[in-house]
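A closer look at the structure
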Amino acid sequence: MNFETLAILTLGSRLDWGLGNPNKTAALIATLMIAVWVIAFIWRKGFWLSLAAFGGLGFCLLLTLSRGGVVALLAGSIPLFAFSPRPWPRGRVIAVVAVLLALIAAAVSIERSDRFTKGISEPDASISNRLLIWKKVPKMMVDAPGGWGLGNSGNAYMQWYQPTERTEGYRTLVSSHLTWLVELGWWGRFWYLFGWTGVFALCWPRGNRRWFSVITGVWITFSVAAAFSSVAESTWLWGMPGLLLLLAIVSHIRNQTWPGWRTSAGIAAISGTVLAGILFVGILDRPSPTLADHIHFANGRLTIGARSPKIWVLPDHDVMGRDYGKDIRRSLNEHIIDAEPIGFVSSASNLPHQEAMIVVAGGTGRELGYLKKRIQNGGRLHLINPAFSPGELGVPEPEKVHVFFGEFSQSPAIFAWRKVTTSLTELPGTTDYCPSWATLIFREKHE
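Our subject in this report is the structure included herewith. Once a new chain begins, its residue numbering starts again from 1 and follows that chain's sequence as written. Given that this is a predicted model, residues contribute local features only at a pLDDT of at least 70 and side-chain atom pairs are listed and counted only at 80 or more, while totals for whole chains, interfaces and linings are drawn from all residues. Heavy atoms from the whole structure form the basis of all side-chain values; hydrogens and water molecules are not counted.

**Things to note about the pairing of strand β6 (residues 380-384)**
For each residue, the accessible area found with a 1.4 Å probe, counting protein chains only, is set against the maximum for its type, and the residue is called buried under 20%, exposed over 50%, and partly exposed in between. In this description a helix means any DSSP run of H or I spanning at least four residues, a strand means any run of E spanning at least two, and both kinds are numbered starting from the N terminus. With respect to burial, β6 is a largely interior element, 4 of its 5 residues being buried. Pairing geometry for strand β5 (residues 357-361) and β6, over 5 bridges, is parallel. From the neighbouring strand, Ile358 faces β6, where its bridge partner is Leu381. When DSSP locates at least two bridges between a pair of strands, those strands are taken to pair. For β6 and strand β7 (residues 401-406), the ladder comprises 4 bridges, and the chain directions are parallel. Each bridged residue has a counterpart across the sheet, and for Ile384 the counterpart in β7 is Phe404.

Structure (structure tokens):
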């Protein structure tokens with residue numbers, strides 16, 4: 001029975017250890033493969049136990065078919081080789097080489113082993129898609145000085161930065177580091193980089209504490225794995241790095257070797273320099289003759305073209321579709337609509353107080369209080385397939401509201417609106433979903 005047959009019989013698919021994602025499992029296994037070498041550092045005869053555990057975990061790593069996990073392991077192995085005691089006994093060198101050759105042979109024989117070389121020997125969609133996302137990260141950071149908000153990076157990319165012809169869906173930016181750097185504001189970004197750099201400063205091997213190389217290796221492995229996939233969101237992956245970091249901190253306290261202010265200043269300088277580089281790249285990516293590329297997000301308000309547009313939209317997925325950001329960018333790029341600044345808010349509470357055309361798609365009861373205030377202050381609303389009745393909105397002057405309903409809309413509110421306003425337009429051939437919403441908005445703006 002060869003390796004490939006064994007893998008199919010035992011798994012039938014990529015190994016995930018119940019984490020739901022083979023890349024997360026690979027990151028966990030890779031950190032454990034580095035961590036087991038602490039036994040060899042603290043116990044003279046522990047080398048063979050460490051090597052056996054390393055080989056067994058390496059077999060599991062191959063079953064995940066995760067290239068990021070393999071790269072992370074190789075990166076984390078560097079401090080182990082650099083700081084391991086010398087000279088290396090010939091017997092141990094032969095044993096290590098034998099284990100590595102066995103793992104390489106297993107990798108070659110495994111089903112879909114070509115996955116490990118894709119991106120080098122031939123183009124790979126997984127890699128090219130990542131690069132397409134990552135090159136927009138500096139601009140996303142510059143466009144949102146206060147951050148896009150935790151959990152919002154994937155949607156922000158799809159709506160405002162993903163090429164309009166692409167249809168891939170993303171929850172994150174397929175990198176823990178880049179995801180959080182985009183979601184945090186500039187101060188959060190600084191402290192994020194400061195924290196990671198500080199960890200490496202605390203764990204770096206010094207003097208006779210060669211075993212610190214294991215801690216450094218584990219954190220390098222974890223860091224590299226988190227660079228290639230969104231794996232650091234799993235709390236399971238923080239256990240081993242966190243435990244080893246705690247041991248390093250205890251060692252520094254006991255030996256009174258805690259880094260001084262010069263180290264802290266150096267960490268701050270490194271973090272600031274990295275952010276300055278990102279800022280510079282992001283600024284270079286901003287100039288464009290296309291209005292759709294001029295994005296700014298702050299205080300829950302996203303604007304295209306200018307920070308004080310005269311059109312503000314409260315979107316709804318059922319009415320405008322989930323790709324409304326792509327739709328408006330496509331319309332601007334293809335000159336389907338006039339190039340005019342426009343703003344979007346996820347909640348009516350974020351609408352600016354300036355005079356503007358307010359477009360509400362769908363709508364829910366929780367937004368009505370803010371919309372009432374806009375009408376009372378002299379504002380004018382354009383409602384597309386509203387889910388609420390005029391009585392719920394409390395319209396004192398019906399002429400302040402222009403309502404649009406799809407010809408085949410299923411909303412019961414349409415009958416109530418017909419009774420109170422003459423400013424009602426029926427959209428032929430549409431239901432509650434209005435694919436031409438962008439054209440509709442700009443047409444109304446110029447009438």
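**Some words on the environment of Ser389**
Examined against the element boundaries, Ser389 turns out to sit in the loop between β6 and α18 (390-393). Along the sequence, Ser389 and Pro412 sit 23 residues apart, while their C-alpha atoms lie 8.4 Å from each other.

**Side note on unusual backbone geometry**
Peptide bonds are, in most cases, trans, and in most cases residues other than glycine have a negative phi. Backbone geometry at Val174 places phi at a positive 55°, although glycine is not the residue there. Within the element layout of this structure, Val174 appears in the loop between α9 (153-160) and α10 (176-183). On the basis of relative accessible area, Val174 is assigned to the buried category, the value being 16%. Notably, Asn299 is not glycine yet its phi reads approximately 55°, a positive angle. Mapped onto the secondary structure, Asn299 falls in the loop between β1 (295-298) and β2 (301-304). Classification of Asn299 as exposed rests on a relative accessible area of 66%.

None of the figures reported here should be taken as evidence of function without further support.
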